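The primary structure of each chain is shown beneath.
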Amino acid sequence: MQCECSMKIILIANSEKIGGGNKSLISICKSLSGQGHVPLVLVPAEGRLSKELRNLQIKYRIIPTRFYDKPSAQIAWIFTKVMLLLAKERPNLIHANDVYCYKYFSLAAKLLNIPILCHFRHFIDAHIGKYLLDVPPTLSLFNSEYNLQRTLALTPTLLKKSRSMVLYNFFNEEEYYPYNGDASFRELFNINHDAFLMLVIGNINPGKGHLDLLSALEKLEQRGLFVTYPNLKFVIAGEDVTNSGIENEMKEKIEKTKLAERIIFTGFVADTKAAYASANAVLIPSIEEPFGRVAVEAVLARKPIVARNNSGLSEILSPLKTPVLTTDDSIDSLARAIERGVTTKVPKSELEHDAQTVALRFSEENQFNRLMNSAYLPQAR
């Protein structure tokens, strides 16, 4: 264990794109660098993540990080490269930023006697868990209590050889509020200044509930909500990072309904601060969330929230005053919550109260200190 000198920590990225997990990875790297430690990120391909790391002057290497589904010869070749890289870099600790980029790195870590942490940012089932976690982590990190309990319920013996702890994603409030930018998000996407903009932001994938959102909006259109509120717009900001086809399916469905003039797709948005600043409210229709990063971001941005009251979202939002939460996970309940979110005026004082509560709970300083003192320092060689 090293506590008074610089540590080198290798962090393994699951994707080259910028999603919630990689946003947290970037925050960890910035905090490590700020304390004089040396982060080195393994990135599977050039992309938005590597660009951001370059901007921050954080070292990275391009190497496959999720290669367990490759042919055996290719796995052996990549594994050899991994072993050589780790032997050369001699890190104090390895941090796999997702369970899906853990396998084989864990075997290499075991062979080289390097401690390795596995960060559970996504859900797994028993079958894939036994395969990916055949080498137990030195420490298992979960991004919510919900994710921890769900994983243990599905695979009660999976982590019996590994200590576990919950470490929430952490946030710098200044990244979301106040917004003093000159460029207007609304002008960029030709959205009228008087429109009631309900923002749906984040990656598009099966768990995010975008198709349920369309069904709920169809119900609201039939009930006449858009006649009563003709300036109501739903802005979907994000991209289909897993190539699930949901984005194209949504666009095809929208063309067959009367919703085309109500929904605007922006694609990936780099300046999330500007997007939140432009919104009248933020909508989170997720079917299930391990954590729910958008929920925290929206609260910090002082925006009213409409969300499903489930999974990691409940863990974040249910203690707060202002969110409008569904009563269940049905389409009807989601539609009713959206309508309440449009018709309910939330006092600024209550938004500020919630923001301060969340800022303290998920502060970058507090959570990074927990990561350093309870995970990195006790485990590092």
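Just so it is clear, the model here is predicted, and its values are computed rather than measured. (Residues numbered from 1 in each chain as written. Predicted model: local features only at pLDDT ≥ 70, side-chain atom pairs only at ≥ 80, totals over all residues. Heavy atoms only, no water.)

Novice: Would you take a moment to explain the overall build of the chain for this structure?
Specialist: Helix and strand counts for the chain come out as 16 helices and 13 strands. Compactness check: the chain gives a C-alpha radius of gyration of 22 Å against a globular reference of 21 Å for 381 residues, within 12% of the reference. Taking the principal axes of its C-alpha atoms as reference, the chain extends roughly 65 × 40 × 40 Å. With 381 residues in all, the chain has 54% of them scored as buried. Considering only residue pairs separated by 6 or more positions, the chain has 71% of its internal contacts joining residues 24 or more positions apart. Total accessible area on the chain is roughly 17,000 Å²; 50% of this is exposed by carbon and sulfur atoms. (Helix = DSSP H or I, 4+ residues; strand = E, 2+ residues; numbered from the N terminus. Rg over C-alpha atoms; globule rule 2.2 N^0.38 Å. Buried < 20%, exposed > 50% of the residue type's maximum accessible area, 1.4 Å probe, protein only. Contact = heavy atoms within 4.5 Å. Areas by Shrake-Rupley, 256 points an atom, 1.4 Å probe, with all protein chains shown as cover.)

Novice: How should I be thinking about the environment of Glu 173 in this particular structure?
Specialist: Along the chain, Glu 173 turns up in the loop between β7 (163–166) and α7 (185–188). Residues Glu 173 and Leu 111, spaced 62 residues apart in sequence, show a C-alpha to C-alpha distance of 41 Å. Residue contacts for Glu 173: discarding those within four places in its chain leaves Leu 300, Arg 302, Gln 356 and Ala 359. In this structure the side chain of Glu 173 is engaged in a polar contact, spanning 2.7 Å, whose partner is the side chain of Arg 302. (Polar contact = N/O pair within 3.5 Å; in protein donor to acceptor, adjacent residues only side chain to side chain.)

Novice: Would you mind showing me how to read helix α12 (residues 293–300) here?
Specialist: Along an α-helix, residues three or four positions apart point the same way, because every turn accommodates 3.6 residues. Burial of α12 is extensive: eight of the eight residues sit out of reach of the surface. Within α12 the residues assigned to the buried category are Arg 293, Val 294, Ala 295, Val 296, Glu 297, Ala 298, Val 299 and Leu 300. At the C-terminal side of α12, Arg 302 shows a positive phi close to 65 degrees.

Novice: Could you clarify how one ought to interpret the state of the cysteines in this entry?
Specialist: As used here, a disulfide is simply a covalent bond connecting the sulfur atoms of two cysteines. Applying the stated criterion to the full structure yields zero disulfides. In this structure Cys 29 is not part of a disulfide, and its nearest cysteine sulfur, from Cys 101, lies 13 Å away. With a relative accessible area of 0%, Cys 29 lands in the buried category. (Disulfide = S-S within 2.5 Å.)

Novice: What's the story with the side chain of Arg 186 in this structure? I'm lost.
Specialist: In this structure, Arg 186 sits in helix α7. Within the buried core, Arg 186 has no salt-bridge partner, and the shortest N-O distance to an opposite charge, that of Asp 194, equals 6.3 Å. Looking at Arg 186, its side chain comes within polar contact range of the side chain of Asn 280, at 2.9 Å. Once residues lying within four places of it in the same chain are set aside, the contact partners of Arg 186 are Ile 191, Asn 192, His 193, Asp 194, Ala 195, Leu 197, Ser 278 and Asn 280. (Lys, Arg positive; Asp, Glu negative; His and termini not counted. Salt bridge = Lys/Arg side-chain N within 4 Å of Asp/Glu carboxyl O.)

Novice: Please explain the pairing of strand β2 (residues 38–43) as it appears in this structure.
Specialist: Side chains on a regular strand alternate between the two faces of the sheet. With five of six residues buried, β2 is to be regarded as a mostly interior element. The sheet contact formed by strand β1 (residues 8–12) and β2 spans five bridges and is parallel. Bridging from a neighbouring strand, Leu 11 pairs with Val 41 of β2. In the classification by handedness, the crossover that spans β1, the intervening helix α1 (residues 20–34) and the parallel β2 is right-handed. The pairing of β2 with strand β3 (residues 59–62) spans four bridges and is classified as parallel. In the sheet register, Val 41 faces β3, and the bridge partner there is Tyr 60. This β-α-β element, β2 to helix α2 (residues 48–55) to β3, shows right-handed connectivity. (Pairing = 2+ DSSP bridges. Right-handed = clockwise from strand over helix to strand, strands pointing away.)

Novice: Would you mind showing me how to read the pairing of β1 here?
Specialist: The element β1 is largely enclosed, with a buried count of four among its five residues. As judged from the four bridges shared by β1 and strand β4 (residues 93–96), these two strands associate in the parallel manner. If you follow Ile 9 over to β4, its bridge partner there is Leu 93.

Novice: Looking at this structure, I do not really get the sheet that holds strand β13 (residues 324–325). What am I missing?
Specialist: Within the open sheet, the six strands sit side by side as β10-β9-β8-β11-β12-β13. Their pairing is parallel. Single-partner strands in this sheet number two, and they are β10 (263–267) and β13. Along the sheet, helix α8 (residues 210–222) makes contact with β8 (196–201), β9 (232–237), β10 and β11 (281–284), crossing β9 at roughly 170 degrees. In the packing of helix α14 (residues 331–343) onto the sheet, the strands contacted are β8, β9, β11, β12 (305–307) and β13, and the crossing angle to β8 comes to about 135 degrees. (Axes fitted to C-alpha atoms, helices over the stretch in contact; angles between N-to-C directions.)

Novice: Looking at this structure, how should I read the packing of α8 against helix α10 (residues 246–255)?
Specialist: Helix packing geometry: the angle between the two helix axes and the distance between the axes. Packing of α8 against α10 leaves a shortest axis separation of 10 Å and a crossing angle of 15 degrees. The angle between the axes of α8 and α10 places the two elements in the roughly parallel class. Note that α8 runs across α10; the crossing there is right-handed. Contact residues: His 210, Leu 211 and Leu 214 in α8; Ile 246, Glu 249, Met 250, Lys 253 and Ile 254 in α10. Per-class residue counts for the contact of α8 with α10 are five nonpolar, one polar and two charged. (Parallel < 35°, antiparallel > 145°, perpendicular 65-115°, else oblique. Left-handed = near helix turned anticlockwise from the far one by under 90°. Nonpolar A, V, L, I, M, F, W, Y, C, P; charged D, E, K, R; others polar.)

Structural measurements only, silent on function.
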